[in-house]
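Chain residues, written in single-letter form:
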Amino acid sequence: MRLAGKRTVITGAGSGVGRATALRFAEEGAKVVCADLDADAAKETVRQIEAAGGEAPEIRQISDGEYLFRNRCSACHTIGGGDVRKDDERIGPDLYNVTRQRDRAWLERWIAEPDAMLEEKDPLAVALYEQWDRVPMPNMRLGDKDVKALLGYIERESLRLTAVRAGEIEDHSQHARHAEHDEHDEHDEHGEHSEHGM
């Protein structure tokens, strides 16, 4: 087998040429990671590879909320990783269990239009602004659907971490979180910060 010991990622592996390529690479001995926008189709390709005796390591599909958090929030916030600081300056708080600590309607509006809330002198918004060294959280122009997806992810990840800390489940995302922290460092070097204070 020409590809024994190799690992490859095939995008669009759920159908057509992508699936055919994934199956052929597996036949040649490669470990094939199957990625596709259609998660069920990708799983079917994985099933076919494994049925033929091949290996297809599972790739975790991320939700819209996790995607938003990683791309819009993670430079300034963590979920369970502690407050974010850079050069001894406070940048943004840990959002672990924030959906339990704050009113949901308030959170939704704060994420959607923090600038308007500061302008209106919302008491909690002003307190957070002062607490976090007067660094305002920017308005990222998120729609209602994105705001709800983001809060849903923060809530689910907080629940997952609570279960991990209680020893109820194993933490299989440790490697992913290390990679995410490396991504934070890269963002910090370029000054690309997003959300502040919730």
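On a predicted model such as this, the values are computed, not experimentally measured, just so you know.

K.L.:
Describe the overall build of the chain, and please don't skip the residues or the numbers.
P.N.:
Scanning the chain from N- to C-terminus turns up nine helices and four strands. Helices and strands appear in the chain in the N-to-C order β-α-β-α-α-β-β-α-α-α-α-α-α. Expressed as a percentage of the 198 residues in the chain, the buried residues total 39%. At a minimum sequence separation of 6, the contacts of the chain that also span at least 24 residues come to 60%.

K.L.:
I'd like a rundown of the layout of surface pockets, residues and numbers included.
P.N.:
Summary: where empty space remains is shown by rolling a probe the size of a single water molecule over the atoms. Here the second largest pocket is characterised by a volume of approximately 230 Å³. Surrounding the second largest pocket, Cys34, Ala39, Ala42, Lys43, Val46, Pro57, Glu58, Ile59, Arg60 and Gln61 form its lining. Considering every element that reaches the lining of the second largest pocket, the biggest residue donor is helix α2 (residues 39–51), with four residues. Looking at the lining of the second largest pocket residue by residue, the class counts come to six nonpolar, one polar and three charged.

K.L.:
Now, about the pairing of strand β1 (residues 7–11): what can you tell me, with residues and values included?
P.N.:
Only one face of β1 is buried: it carries Thr8 and Ile10, and the other face, with Arg7, Val9 and Thr11, is open. Two strands pair when backbone bridges link them, and β1 and strand β2 (residues 31–35) are joined in this way by five bridges, in the parallel orientation. Bridge pairing links Thr11 to Ala35 in β2. A crossover links β1 with its parallel partner β2, the connecting element being helix α1 (residues 16–27), and its sense is right-handed.

Rules behind the numbers
- Residues numbered from 1 in each chain as written.
- Predicted model: local features only at pLDDT ≥ 70, side-chain atom pairs only at ≥ 80, totals over all residues.
- Heavy atoms only, no water.
- Helix = DSSP H or I, 4+ residues; strand = E, 2+ residues; numbered from the N terminus.
- Buried < 20%, exposed > 50% of the residue type's maximum accessible area, 1.4 Å probe, protein only.
- Contact = heavy atoms within 4.5 Å.
- 1 Å grid on protein atoms, 1.4 Å probe; cavity = no way out; pocket = protein on both sides within 12 Å on 5 of 7 lines; lining within 4 Å.
- Points joined across faces, edges and corners; volume = space filled by probe spheres on them.
- Nonpolar A, V, L, I, M, F, W, Y, C, P; charged D, E, K, R; others polar.
- Pairing = 2+ DSSP bridges.
- Right-handed = clockwise from strand over helix to strand, strands pointing away.

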